[in-house]
Amino acid sequence: KKRINFLIWHIGELILHLLLRDFHDTIPLVAKIYFKDAQNTTVHGFDGVHITIEPGKKKLWLGESKIYTDGIAGIVSLAKDLEKHIKADDLRSEFSLIRHKLPADTPEIEYWRNLMDEHKNLDEILNGICIPMVCTYSSKAVKDHMAITDAYLKAFTEECQKLKEKFDETKIKTSVEVILMLLPIPDKEELVVELDKKLKAMRMD
């Protein structure tokens with residue numbers, strides 16, 4: 001069970017990384033695996049730390065990623081994490097881990113160090129961050145359809161809308177920029193099992 005939980009954590013971080021990189025043109029800042037010193041060590045805080053550096057649009061992306069069999073349960077879990085993470089103590093604790101471990105080649109590194117400074121006003125911090133929240137879940141719409149048909153698109157759209165509505169209804173009201181990203185897959189358990197097989201095969205080579 002510990003190995004499966006470890007795999008799920010890493011799959012979630014990898015999915016978050018790829019979605020941010022490919023759809024929001026972010027730059028990875030620090031991988032949370034960097035803070036692990038043993039396989040079963042729990043790393044608290046956000047699952048991914050990225051940045052965007054467009055002129056006038058600098059953002060620190062602090063991402064959270066969940067993998068659930070039930071999409072609604074995943075959404076509720078994300079909403080709870082959002083409420084916890086935007087508290088001042090949680091943010092400053094996260095920054096204390098990250099600030100002094102930024103890669104030396106980080107673009108505009110002093111800007112990010114300043115944003116994470118322990119004396120920085122919380123309102124300024126909140127204005128400078130974006131929280132992407134990824135829910136990867138076992139999707140009935142995906143599993144029940146083998147081709148992209150009108151019926152599939154209708155079921156897929158309704159499923160995603162239901163999850164988005166649940167997220168909006170459950171999440172805390174905040175001025176922080178929050179982005180919900182949904183990744184429906186045929187079966188969460190199959191994904192974890194197949195990845196476990198591949199990792200074991202790679203280790204044996």
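Preceding this section is the structure that the text describes.
None of the values given here were measured: they were computed from a predicted structure.

**Student:** Just checking my understanding: could you explain the nonpolar core for this structure?
**Tutor:** In summary, soluble globular proteins display a tendency toward joint burial of nonpolar side chains. Leu60 and Ile129 are the most contacted members of the largest nonpolar core, which has 32 residues in total. By residue number, the principal contributor to this core is strand β4 (residues 129-138), which donates five residues. Look past the residues within four positions of Leu60 in its chain and what remains in contact with it is Leu29, Val49, His50, Ile51, Phe95, Trp112, Leu115, Met116, Gly128, Ile129 and Cys130. Counting 12 residues, the second-largest nonpolar core is a separate cluster that includes Ile11, Cys130, Ile179 and Val192.

**Student:** Help me understand the side chain of His50, please; the structure alone is not making it clear to me.
**Tutor:** Considering the arrangement of structural elements, one finds His50 in strand β2 (residues 48-52). Looking at His50, the relative accessible area reads 4%, which means it is buried. A polar side-chain atom of His50 sits 2.6 Å from a polar atom in the side chain of Thr26. The residues touching His50, leaving out its near neighbours within four places in the chain, are His17, Leu20, Thr26, Ile27, Pro28, Leu29, Lys59, Leu60 and Trp61.

What counts as what
Residues numbered from 1 in each chain as written. Predicted model: local features only at pLDDT ≥ 70, side-chain atom pairs only at ≥ 80, totals over all residues. Heavy atoms only, no water. Core = buried A, V, L, I, M, F, W, Y, C linked by side-chain atoms within 4.5 Å. Buried < 20%, exposed > 50% of the residue type's maximum accessible area, 1.4 Å probe, protein only. Helix = DSSP H or I, 4+ residues; strand = E, 2+ residues; numbered from the N terminus. Contact = heavy atoms within 4.5 Å. Polar contact = N/O pair within 3.5 Å; in protein donor to acceptor, adjacent residues only side chain to side chain.

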